[in-house]
Amino acid sequence: MATKEVTQVEMMKIIALFRKEGFKGEYEDFQRVSGTDREFFVVMANEQGVKALFRASLMLNAVQFQYVLDDKHTFVQEGQDADAS
């Protein structure tokens, strides 16, 4: 199954969901969760530049914090080589 890009409409719905939940910051990346049509991974940064990964579900209207992105936890974008040799 080919991965579909996240559409502008989906991004707007995701941002609205984050705002409804009280989250503030800059949205850095949106990626569809593999095998689903209504769940997404979102990288968000706060005013201090701390980035975190969230899982947003348009089906459940829920946002779940996953982890802070740091040296031990990174976010590999589709098409990006995981090991930089």
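Remember, it's a predicted structure, so these values are computed and weren't measured experimentally. (Residues numbered from 1 in each chain as written. Predicted model: local features only at pLDDT ≥ 70, side-chain atom pairs only at ≥ 80, totals over all residues. Heavy atoms only, no water.)

1. Describing the pattern of salt bridges
Phase 1 of the analysis: A full pass over the atoms with the stated rule returns five salt bridges.
Phase 2 of the analysis: Put simply, Lys-4 and Asp-37 hold a salt bridge, and the shortest N to O gap is 3.4 Å. Placement of the pair is Lys-4 in the segment before helix H1 (8-20) and Asp-37 in the loop between strand S1 (26-32) and strand S2 (39-45), with a sequence separation of 33 residues.
Phase 3 of the analysis: With relative accessibility at 48%, the residue Lys-4 sits in the partly exposed group. (Salt bridge = Lys/Arg side-chain N within 4 Å of Asp/Glu carboxyl O. Helix = DSSP H or I, 4+ residues; strand = E, 2+ residues; numbered from the N terminus. Buried < 20%, exposed > 50% of the residue type's maximum accessible area, 1.4 Å probe, protein only.)

2. Let's talk about the sheet that holds strand S3 (residues 51-57)
Phase 1 of the analysis: Across the sheet, four strands lie side by side as S1-S2-S3-S4; this open sheet has antiparallel pairing. Across the chains shown, the open sheet's two edge strands, defined by having one partner strand only, are S1 and strand S4 (62-68). Going across the sheet, the axis of each strand differs from the next one's by a mean of 25°, ignoring polarity.
Phase 2 of the analysis: When S3 meets S4, the two strands line up antiparallel, connected through six bridges. Directly across from Ala-52, in S4, lies its bridge partner Val-68.
Phase 3 of the analysis: On the sheet, H1 packs against S1, S2, S3 and S4 and is oriented at approximately 125° with respect to S1. (Pairing = 2+ DSSP bridges. Axes fitted to C-alpha atoms, helices over the stretch in contact; angles between N-to-C directions. Contact = heavy atoms within 4.5 Å.)

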